[in-house]
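# Notes for the structure review
Next come the chains, spelled out residue by residue.
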There are 2 protein chains.
Amino acid sequence: MVKNTGRPGYLQIADDLRAQIRGGSLAPGTPLPSTTRLAEQYDASLSVVKLAVGVLRTEGLVIGQQGKGVFVRDTTEQPPPAGGGDTAGEVAELRAAVQDLSARLAKVEEQLATSTTRRPGRSSR
Amino acid sequence: MVKNTGRPGYLQIADDLRAQIRGGSLAPGTPLPSTTRLAEQYDASLSVVKLAVGVLRTEGLVIGQQGKGVFVRDTTEQPPPAGGGDTAGEVAELRAAVQDLSARLAKVEEQLATSTTRRPGRSSR
DNA sequence: CGAGCCAACTAGGTTAACTATGTTGCTCAC
DNA sequence: GTGAGCAACATAGTTAACCTAGTTGGCTCG
């Protein structure tokens, strides 16, 4: 499938496509590969690809046109309601928070795994 | 099965839940009915309900906690219109990630703290 | 009485199949 | 050469089924 992180596959694909869009690898107006093609690319089932595209659609990053394809939205035609322009900073802050929390979580979960021999079952994927 | 408008069912349900949340009918912190219950309420299949909840999740309006339920996010600190698309979606997603990680961290830290001292059964109810 | 197991709920993820609808390009008849 | 029709491919929506995983509370058994 995709990878073996805790993150579900359809989000991984959505992340990847989102990164490509933001990185300019997929320019506004250009179509994404078809769902079947994406399914092959990511070695995923059609369903997860459709889910991933659905996520990007609800995020407004892409626009699906039935019969034609899924196109990258022109970000300039609908500028986000910048709540003061600090959205970039906010994103950075949130990212940092995620990193921090992830690290703490990993550490604490490890502690828990090693210190507790009384809990049955608990395992990883 | 919802109505006969052109709008797909899963979006109708998402709209309705979103309206209830914004209207205060579903206060922050309160759980949504379970998916099976929602499916009965709207006379829809489980799949469309799950899709609807998924939409609200990616919008950051609700947070699903496995095993417990889907809870309304604190909307006062979170009024972004979903149409924003660009960074709004990413911010929402990051916020959701932070909340999720925080929840997991809190849970796991509590486990760690209690497991070193005593063995609790249940905590709150 | 208490610790632990278990059963019943919960959400989440994945897959597959089917239908509907729209677009596009090709072919073929005239 | 032009137009109609059709086949192939596209997204979109819906449904159903199965599995994982977390939470909770009751029940049993030592």
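Residues numbered from 1 in each chain as written. Chains lettered and ligands numbered in written order. Predicted model: local features only at pLDDT ≥ 70, side-chain atom pairs only at ≥ 80, totals over all residues. Heavy atoms only, no water.

### A short note on unusual backbone geometry
Residue and element names in this part refer to chain A. Selection rule: Elements are defined by DSSP. Helices are runs of H or I of four residues or more, strands are runs of E of two residues or more, and each kind is numbered from the N terminus. When a residue's accessible area, from a 1.4 Å probe over protein chains only, is under 20% of the maximum for its type it is buried; when over 50% it is exposed; and in between it is partly exposed.
Despite not being glycine, Asp-43 has its phi angle at roughly 55°, a positive value. Within the secondary structure, Asp-43 sits in the loop between helix H2 (35-42) and helix H3 (46-59). Owing to a relative accessible area of 55%, Asp-43 belongs among the exposed residues under this scheme.

### Observations concerning the pairing of strand E2 (residues 69-72) of chain B
Residue and element names in this part refer to chain B. The cut-off we apply is this: In this description, strands pair whenever DSSP reports at least two bridges between them.
Every second residue of E2 is oriented toward a common face, with Gly-69 and Phe-71 on one face and Val-70 and Val-72 on the other, all of them buried. For strand E1 (residues 62-65) and E2, the ladder comprises four bridges, and the chain directions are antiparallel. Of the residues in E2, the one forming a bridge with Val-62 is Val-72. Taken together, E1 and the strand that follows it, E2, pair antiparallel across an intervening segment of three residues, in which Gly-67 is found at a positive phi of about 85°.

### So, the environment of Gly69(B)
All names here are of chain B. Keep this limit in mind: Contacts are assigned to residue pairs with any non-hydrogen atoms lying within 4.5 Å of each other.
Secondary-structure assignment places Gly-69 in strand E2. With 39 residues separating them along the chain, Gly-69 and Thr-30 place their C-alpha atoms 9.5 Å apart. Beyond its immediate chain neighbours, meaning those up to four positions away, Gly-69 contacts Ile-63 and Gly-64.

### Brief notes about the side chain of Arg73(B)
The condition is simple: In the analysis that follows, any N or O atom pair within 3.5 Å is treated as a polar contact, provided that within protein one partner can donate a hydrogen and the other can accept it, and provided that, for residues neighboring in sequence, both atoms belong to side chains.
By the secondary structure assignment, Arg73(B) is in the loop between E2 and helix H4 (86-117). Within the local environment of Arg73(B), its side chain forms a polar contact with the backbone oxygen of Gly60(B), the two atoms lying 3.0 Å apart.

### Description of the environment of Gln12(B)
Among the structural elements, Gln12(B) can be located in helix H1 (residues 9-23). Of note is the side chain of Gln12(B), whose polar atom sits 2.6 Å from the backbone oxygen of Arg7(B).

### Considerations on the environment of Ala39(B)
Residues and elements named next belong to chain B. By the element assignment, Ala-39 lies in helix H2 (residues 35-41). Relative accessible area serves as the criterion here: at 8%, Ala-39 is assigned to the buried category. Measuring from C-alpha to C-alpha, the distance between Ala-39 and Lys-50 comes to 8.9 Å, with eleven residues separating the pair along the chain. Aside from chain neighbours lying at most four places away, what touches Ala-39 is Ala-44, Ser-45, Leu-46 and Val-49.

### Quick look at the pattern of salt bridges
All names here are of chain A. Rules: Counted as salt bridges are all cases of a side-chain nitrogen of Lys or Arg within 4 Å of a carboxyl oxygen of Asp or Glu.
Using the criterion set out here, one finds six salt bridges over all chains in the structure. For Arg-18, the salt bridge is made with Glu-59, and the minimal N-O distance between the two is 3.0 Å. Taken together, the residues Arg-18 in helix H1 (residues 9-23) and Glu-59 in helix H3 connect sequence positions 41 residues apart. In terms of burial, Arg-18 and Glu-59 fall into one category: buried. Through salt bridges that share partners, Arg-7, Asp-15, Arg-18 and Glu-59 make up one connected network.

### Focus on H1(A)
All names here are of chain A. For clarity, the threshold we go by: The span expected for a helix works out to 1.5 Å for each residue beyond the first.
Here H1 spans 21 Å end to end across 15 residues, near enough to the 21 Å set by a 1.5 Å rise per residue. Buried within H1 are the following residues: Gly-9, Leu-11, Gln-12, Ile-13, Ala-14, Leu-17, Arg-18 and Ile-21. Phi turns positive one or two residues past the end of H1, at Gly-24, with a value near 90°.

### A closer look at the confidence of the model for chain A
Residues and elements named next belong to chain A. The test is simple: A score from 0 to 100, pLDDT tells how confident the predictor is in each residue.
Summarising the model, chain A shows a mean pLDDT of 72, and 55% of its residues fall at 70 or more. Confidence scores differ between elements of chain A, with helix H4 (residues 87-115) showing the lowest mean pLDDT of 48 and H3 the highest of 96. Segment residues 78-86: pLDDT under 50, and eight contacts once partners within four positions in sequence are set aside and those in other chains are kept. A low-confidence stretch, residues 107-125 (pLDDT under 50), is modelled with 17 contacts involving residues beyond four sequence positions or located in other chains.

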